[in-house]
There are 4 protein chains.
Amino acid sequence: MSVSIDQEDALVTSTDPLHPANLISELCASFYRLGWVTGTGGGICIRTDDKVYIAPSGVQKERIEPSHIFVLPYPQAEPSPHTDRIFLRRPKLNLKESACTPLFWNAFTVRNAGSCIHTHSQNAVMATLLWEKEKMFKISHQEMIKGVRIGGNGPTLSYLDTLEVPIINNTPNEEDLKDSMKEAMEQYPRAAGILVLRHGIYVWGDDWQKAKTQTECLDYLLEIGVKMKLAGLPTVLNE
Amino acid sequence: MSVSIDQEDALVTSTDPLHPANLISELCASFYRLGWVTGTGGGICIRTDDKVYIAPSGVQKERIEPSHIFVLPYPQAEPSPHTDRIFLRRPKLNLKESACTPLFWNAFTVRNAGSCIHTHSQNAVMATLLWEKEKMFKISHQEMIKGVRIGGNGPTLSYLDTLEVPIINNTPNEEDLKDSMKEAMEQYPRAAGILVLRHGIYVWGDDWQKAKTQTECLDYLLEIGVKMKLAGLPTVLNE
Amino acid sequence: MSVSIDQEDALVTSTDPLHPANLISELCASFYRLGWVTGTGGGICIRTDDKVYIAPSGVQKERIEPSHIFVLPYPQAEPSPHTDRIFLRRPKLNLKESACTPLFWNAFTVRNAGSCIHTHSQNAVMATLLWEKEKMFKISHQEMIKGVRIGGNGPTLSYLDTLEVPIINNTPNEEDLKDSMKEAMEQYPRAAGILVLRHGIYVWGDDWQKAKTQTECLDYLLEIGVKMKLAGLPTVLNE
Amino acid sequence: MSVSIDQEDALVTSTDPLHPANLISELCASFYRLGWVTGTGGGICIRTDDKVYIAPSGVQKERIEPSHIFVLPYPQAEPSPHTDRIFLRRPKLNLKESACTPLFWNAFTVRNAGSCIHTHSQNAVMATLLWEKEKMFKISHQEMIKGVRIGGNGPTLSYLDTLEVPIINNTPNEEDLKDSMKEAMEQYPRAAGILVLRHGIYVWGDDWQKAKTQTECLDYLLEIGVKMKLAGLPTVLNE
């Protein structure tokens, strides 16, 4: 890459509040207030045409600035023992790209997503514990199901559909979730997100608006599902 | 309608923060922070004299701008297989009016309301589940009952009144709630709102302030009612 | 009162953010975000030397403006069937002073308070329900007890003191709480606040800072007390 | 100390938002919104090289201004019956330094911390009650454990590590926690924080970012631990 420094900075510099570098900063601050990304966990990445914008790893998500954002070309080959991930721009600070990068990439390659969100929401974690045996969170007959899309990028579910979100096991290193997440996405092509046991959830969509809207709907459904389960109410009717 | 584009835009353009188009934007952002309208669900409409202001369907409610607002003349005949709804102004974006429009209209025609609010508050949904058999949420002897008006537009209830909010069944398409909501409003003329099973609540008032205030009171009462029920406390005394 | 309109407005007009009229607006908005004053309920009044500043009744507490504030001379005789309350300034809008006025006045006359806060916090209401039989909320061995003052205006309690907050019955009209609140304040001179069954709490202090701080401490203690009770933990040790 | 008044004020006056005096103000306001420092309790101190910045005692933590901050030289001998604590700057107001000062100092001397945070979070207090007998909060197999560092200043824990946070008894005077906190820190060198029964938690880190991040992770783990315990789920696997 022979791009000059100035050209690299231009990739994350814009007065448009809807520029991905500005959006990531703003949305991460908003997700922090929802309790989704405290303690540096979680985040959002955005892909536009041929570029992917990703936040750094291990930083306070509510204090990200556009200049902290990594930009990568898309598509690109998977990094391997012999090849590194390719970047169009790295922040000048001593930062590493988000550890979620390979998982966000799953959403791009498997579902052609334009954005992927990862939260550590306690609603998600409690749901993985309460539905641990079933390896699948299920809820039916909730209006908010209508805000979730088949596979995350298809038509929206109907009120009469049962929402199912697979739960995969957690791994000590976040990167190692890549294969099991991909397998779950392929095994459950209708799933709009993947829950990770004792960890959180990954949700994607065609663009950041659809990823965000679906994350809100799923988080709502996880929250009400947990409340219903603890109150002794069945979350699925007519099983 | 031969209104020019500029005249149409003028309908939603004002520096007055209390203009309906500005209020809808501001209040929806505020409702988002309360968890009432996440995932694009819920919202508020305002009627002033002969005009109705309504937000679009399926948009992030905390990011609505005045220019996104629809304006409709009031009164107007119900749309039918042979007639469309009439608009004074549609936003230039590729948007559809809120799916709640026919339900908001119920509040205008049945109760002469000046504003109607719809939330997906989890307090409302939990209440519909815990009072599902009775088809009626009931609570008595709570100070906040005094903030609710008989029929939503009459005098306020007394501390000695029992609050009753009917629960109607949900339907796969939001528009299809129109008739059952209207029936419930007519069958329970003292009700200040209508709960929808596994979905949320509709609340109205003479103006946006009264609709908002009553929505807050009802949401408070639904929240405390759910807490009381789960703690084994009766929500109605002297039954 | 022959004060001119301009002089009256001057009573609530200041660029100082700590002027009572500005503080009431700001603090009510902050209390709204805490869920203490939704649905127009609750509020704060401030007394400085010979003037009392009070918000209107029945208005959205998060939208109060300094120009909405009532100013009254202090001290003044109780209003009676033959005498009205005396005002130095009434807002020009069609507003009535807060229905809490006689209760705030109790705090001034019985405890010489400089400020009194009333909330409808659900923590307070749940506590009145869970301690209804005892007519007294009690908690011991909590660090936050140290933020509460004996009688609301004396020295702070010690960690080894048991906090006791009396619970009085609610009345259909808020004004009618005046006598029972006063009696409870006289019967329990160490109490820093008065809980009202199924309604909320009144808390006072030498100034607005002390009233606010104690309201926060008491609300915290009511919240943790309710959590402890529901978890089966005793709230008082060594009884 | 012959430092002139102007030089003293210069110690807390900066346009840099990351100056410790500005950060303490901003972070305390943020912690207030999280419910960590209501009722004047809790706070954060920051040490940079040879200076310690500390907020006053008994003030509203969300309203601290940089001019309220105390500055102390570091290191300095422990105050004793014969020596006072040494200050580079005291605010002109009638304020005393935070009662947490000796406890924050523990973090500096025992763990060489650059920042220490104290919260009264209800998650912490509920955890001390539910794990009171064990005198140790324990949780395993939670992703957020990875955000906590061994001893608060070492490498981060692994997902396979069990998090352990000791619980010490509370004392009537906060200063008197100094010795038992120090003992617990020495007895449990891997602990990243110290819980205080019926009171709250102390957490530290190499700098304010690491202290804050770890406080968020620990608070998250305390919250989910309490939820799990109340739902009958074990918080430690493979014991």
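Residues numbered from 1 in each chain as written. Chains lettered and ligands numbered in written order. Predicted model: local features only at pLDDT ≥ 70, side-chain atom pairs only at ≥ 80, totals over all residues. Heavy atoms only, no water.

(A) Structural context of the relation of the copies chain A and chain B. With an axial shift of 0.0 Å and an RMSD of 0.0 Å, the rotation relating chain A to chain B amounts to 90°. Classification of the inter-copy transformation places it as that of a four-fold axis. For chain A, the smallest separation between a C-alpha atom and the rotation axis is recorded for A:Arg33, amounting to 6.7 Å. (Least-squares fit on C-alpha atoms with pLDDT ≥ 70 in both.)

(B) Layout of the nonpolar core. Counting residues in hydrophobic clusters, the biggest one holds 117 residues, and the most contacted among them are A:Leu163, B:Leu163, C:Leu163 and D:Leu163. Setting aside chain neighbours within four positions, we find C:Leu163 in contact with C:Phe137, C:Lys138, C:Ile139, C:Ile145, C:Val148, C:Leu157, C:Leu218 and C:Leu221. (Core = buried A, V, L, I, M, F, W, Y, C linked by side-chain atoms within 4.5 Å. Buried < 20%, exposed > 50% of the residue type's maximum accessible area, 1.4 Å probe, protein only. Contact = heavy atoms within 4.5 Å.)

(C) Region of the structure containing the UniProt feature "domain: Class II aldolase/adducin N-terminal" (unreviewed entry) in chain A. Following the UniProt record, one finds the feature "domain: Class II aldolase/adducin N-terminal" (unreviewed entry) at residues 22-226 of chain A. The distance from the first to the last C-alpha atom of residues 22-226 of chain A is 34 Å, and the span holds 30% helix and 19% strand. (UniProt positions renumbered as here; feature names shortened; annotations may be inferred. Helix = DSSP H or I, 4+ residues; strand = E, 2+ residues; numbered from the N terminus.)

(D) Quick peek at the packing of aromatic side chains. Under the definition given, this model contains 28 aromatic pairs over all chains. Ring geometry for B:Phe70 versus B:Phe87: centroids 5.6 Å apart, planes at 55°, classification tilted. In this pair, B:Phe70 is assigned in strand E3 (residues 70-73) and B:Phe87 in the loop between E3 and helix H3 (101-111), connecting sequence segments 17 residues apart. Taken as a pair, B:Phe70 and B:Phe87 share a single burial class, namely buried. Here the aromatic rings of D:Trp105 and D:Phe108 are separated by 5.6 Å at their centres, their planes lie at 70°, and the arrangement is edge-to-face. Taken together, the residues span about one helical turn, with D:Trp105 and D:Phe108 both in helix H3 (residues 101-111) at a distance of 3 residues. Of the two residues, D:Trp105 and D:Phe108, neither departs from the other in class, the shared state being buried. Linked through ring pairs, A:Tyr74, A:Trp105 and A:Phe108 together constitute an aromatic cluster. When the ring centre of B:Phe87 is taken as origin, the NZ or CZ atom of B:Arg90, which lies over that ring, is 4.0 Å away. The lysine or arginine in question, C:Lys229, covers the ring of C:Trp131, its NZ or CZ lying 4.4 Å from the ring centre. (Phe/Tyr/Trp six-rings, centres within 6.5 Å; stacked < 30°, edge-to-face > 60°. Lys NZ or Arg CZ within 6 Å of the ring centre and 35° of its normal.)

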